[in-house]
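Per-entry structural report
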Amino acid sequence: MAIFPSRKNQKSRIARRCEDDSVTKLRLKYAPYYYTFDRQEGTRVWREGKPYIMLSSNDYLGLGNHPKVVEAGREALKKWGSSTTGARLANGSRTYHTELEEELADFIGKEACHVHAAGYLSCMSAVATFAERGDLIVVDKNVHSSLWSGIHLSGATAERFIHNNPDDLRDVLIHEDPDRAKLLLFEGVYSMEGHVAKMPELMEVARENDMFSVMDDAHGFGVMGPGGRGTAAHFGLESEIDVISGSFSKALSSTGGYVAGSRAMIDYLRTHSKQTIFSAAISPSQAACALASLRVLKEEPEHLERLWKNTRRYKEMLENMGLDTWGSETPAMPIVLGTKEKVYSFWKDLLSKGVFTVMSVAPGVPPGKDLVRTAISARHTDEDLDKVGDALAYAARSL
Ligand SMILES: Cc1ncc(COP(=O)(O)O)c(C=O)c1O
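About the criteria used
Residues numbered from 1 in each chain as written. Predicted model: local features only at pLDDT ≥ 70, side-chain atom pairs only at ≥ 80, totals over all residues. Helix = DSSP H or I, 4+ residues; strand = E, 2+ residues; numbered from the N terminus. Rg over C-alpha atoms; globule rule 2.2 N^0.38 Å. Buried ≥ 20, exposed ≤ 12 C-beta atoms within 10 Å, placed from the backbone. Contact = placed C-beta atoms within 7 Å. UniProt positions renumbered as here; feature names shortened; annotations may be inferred. Pairing = 2+ DSSP bridges. Axes fitted to C-alpha atoms, helices over the stretch in contact; angles between N-to-C directions. Parallel < 35°, antiparallel > 145°, perpendicular 65-115°, else oblique. Left-handed = near helix turned anticlockwise from the far one by under 90°. Core = buried A, V, L, I, M, F, W, Y, C linked by C-beta atoms within 7 Å. Domains from an automatic or database assignment. Nonpolar A, V, L, I, M, F, W, Y, C, P; charged D, E, K, R; others polar.

1. Considering the overall build of the protein
A count of helical and extended segments in the protein gives 16 helices and 14 strands. What you see for the protein is a C-alpha radius of gyration of 22 Å, in line with the 21 Å of a compact globule of 399 residues. Counting only residues that meet the buried cut, the protein has 48% of its 399 residues in that class. Within the protein, contacts between residues at least 6 apart in sequence are counted, and of these 73% link residues at least 24 apart.

2. Observations regarding the UniProt feature "domain: Aminotransferase class I/classII large" (unreviewed entry) in the protein
The UniProt entry lists residues 52-391 under the feature "domain: Aminotransferase class I/classII large" (unreviewed entry), expressed in the numbering used here. With 44% helix and 16% strand, residues 52-391 has its two end C-alpha atoms placed 11 Å apart.

3. Points about the pairing of strand β10 (residues 257-261)
With respect to burial, β10 is a largely interior element, five of its five residues being buried. Every second residue of β10 is oriented toward a common face, with Gly-257, Val-259 and Gly-261 on one face and Tyr-258 and Ala-260 on the other, all of them buried. Note that strand β9 (residues 243-247) and β10 share four bridges and pair antiparallel. Within the sheet, the bridge partner assigned to Gly-246 lies in β10 and is Tyr-258.

4. Notes on the sheet that holds strand β6 (residues 157-161)
Consider a sheet: its strands pair through backbone hydrogen bonds, and that pairing is either parallel or antiparallel. Pairing in this open sheet of seven strands is mixed, and the strands run β4-β10-β9-β8-β7-β5-β6 from one edge to the other. At either end of the open sheet lies a strand with only one pairing partner, and these are β4 (112-116) and β6. This sheet shows a mean twist of 20° between the axes of neighbouring strands, independent of strand direction. Summarising the sheet, strand β8 (residues 211-216) and β9 pair through three bridges and their orientation is parallel. Its bridge partner being in β9, Met-215 is matched across the sheet by Ile-244. Each of β4, β9 and β10 is contacted by helix α5 (residues 95-108), which is oriented at about 125° to β4, the strand it contacts most. Packing of helix α11 (residues 263-272) onto the sheet brings it into contact with β4, β9 and β10, and relative to β4 it is tilted by some 30°.

5. Some thoughts on the packing of helix α8 (residues 166-173) against helix α9 (residues 199-208)
For the pair α8 and α9, the least separation of the axes is 9 Å and the interaxial angle reads 15°. Between α8 and α9, the interaxial angle falls into the category roughly parallel. In this structure, α8 meets α9 at a crossing whose hand is right-handed. Along the contact surface, α8 presents Pro-166, Leu-169 and Arg-170, while α9 presents Glu-201, Leu-202 and Val-205.

6. Quick look at the sheet that holds strand β3 (residues 50-54)
Read from one edge of the open sheet, four strands run β1-β2-β3-β12, paired in mixed fashion. Two strands bound the open sheet, and with one partner strand each, they are β1 (39-41) and β12 (355-356). Of the pairings in the sheet, the one linking β1 to strand β2 (residues 44-47) comprises three bridges and is antiparallel in character. Of the residues in β2, the one forming a bridge with Gln-40 is Val-45.

7. Notes on the nonpolar core
One finds Leu-104, Cys-113, Val-127, Ile-137, Leu-185, Leu-202 and Ala-260 to be the most contacted residues of the largest nonpolar core, which totals 113 residues. With nine residues, the top contributor of residues to this core is helix α13 (residues 284-299). Of the domains in this structure, domain 1 (28-57 + 301-397) and domain 2 (67-299) are the two that each give at least three residues to this core. In this structure, Ala-260 is in contact with Leu-104, Ala-105, Ile-108, Lys-110, Cys-113, Val-243 and Ile-244, ignoring residues within four places of it in sequence.

8. Details of the domain arrangement of the protein
Taken domain by domain, the protein comprises domain 1 (28-57 + 301-397) and domain 2 (67-299). Inter-centroid distance (C-alpha atoms) of domain 1 to domain 2 is 27 Å. With 15 residues of domain 1 at the interface, the matching set in domain 2 holds eleven residues. Elements that contribute at least two residues to the side of domain 1 that touches domain 2 include exactly α14 (302-320) and β11 (332-336). Here the side of domain 1 that touches domain 2 gets three residues from one element, more than from any other, and that element is β11. The residue inventory of the side of domain 1 that touches domain 2, partitioned by class, reads nine nonpolar, four polar and two charged.

9. Side note on the environment of Gly-257
Tracing the backbone shows Gly-257 in strand β10. Classification of Gly-257 as buried rests on a count of 31 C-beta atoms within 10 Å. Distance from Gly-257 to Glu-238, taken between C-alpha atoms, is 18 Å for residues 19 residues apart in sequence. Discounting residues that sit within four places of it in the chain, Gly-257 has contacts with His-116, Ala-118, Gly-119, Leu-121, Ser-122, Cys-123, Ser-245, Gly-246, Ser-247 and Phe-248.

Okay, structure coming up:
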């Protein structure tokens with residue numbers, strides 16, 4: 001007789017949890033996520049032969065198919081191979097990393113910069129590196145998941161303030177110990193809401209309270225400020241903010257991310273950040289595409305101009321239809337519908353008319369703010385926007 005009972009046909013609790021999960025079952029039933037396309041060209045994607053206008057990517061400047069960007073990726077792959085298969089600290093550092101970091105830091109208006117293989121890693125480490133147990137992080141309650149991950153990893157205590165509300169930030173700080181180390185955390189442009197941070201007022205509170213400041217500018221970089229230098233440059237506050245993090249998967253049409261700050265801060269990150277030390281370096285082609293896009297951004301201002309022209313036209317179109325854009329001021333444009341049922345039906349109507357968007361429902365957004373997230377690209381043509389207008393009118397009629 002066996003001493004241990006056989007587990008041959010018995011599933012573990014965790015395996016059963018995966019199989020029985022009601023949220024996953026719901027997602028698979030309605031299938032709005034992980035939607036897979038079989039072809040892509042600029043703002044067009046195809047599924048089973050049917051073309052769709054992509055109205056929810058973050059390819060703000062539309063550089064994903066730019067000949068210089070594609071060529072740079074190809075050349076890097078030929079020259080360096082597919083990966084360094086190592087962390088920067090160990091065997092993974094190459095000159096294409098340092099070249100990208102120097103150009104990027106200079107563009108953002110910071111002394112130094114470190115690049116990672118994902119924006120998520122960069123944004124998480126921009127928090128986890130600098131705050132530690134015993135510190136206080138005061139955070140805008142609507143920030144991205146990567147920043148919450150950074151907060152949890154840091155071990156610091158977190159207090160939230162009302163979204164984009166500097167007065168509430170001040171109120172939160174009233175009863176705090178003035179001698180405690182504090183970090184202010186917010187985004188330059190909020191990806192769901194399209195709101196621009198009230199950065200001058202937030203930085204004033206940071207100054208009054210001796211706070212270290214970290215801004216995730218994933219959606220402001222390449223979009224805001226003179227020449228697309230980002231939200232800090234938009235307000236002329238590049239030297240006030242301590243650390244800026246961001247992603248290459250938005251305006252720079254690549255993947256990866258960065259943390260920028262003073263040389264001392266970036267050296268500190270390279271010493272202490274586990275996400276930096278124990279993760280392989282960004283690949284040659286990712287880095288080359290990001291650098292090529294950055295150079296296109298500097299040399300060809302027409303993409304940024306076109307982005308804002310399209311954004312103005314699109315926003316006006318939505319407002320004329322009476323749709324709620326949550327006061328977005330940027331190319332990230334939500335259409336707030338308020339319930340998940342309305343969002344699903346609106347999303348499906350747009351899809352049936354050949355327009356692809358993304359649903360975002362609570363708890364991903366605050367209750368009552370269930371929305372369809374749309375985003376404008378410089379590559380949307382006038383004809384694309386006409387078609388989008390027709391599709392939106394159709395979806396809005398059946399609300
Ligand atoms: C505000 C914000 N921060 C960070 C990230 C993470 O960037 P990535 O997708 O490049 O990992 C995203 C991406 O969705 C984002 O929207």
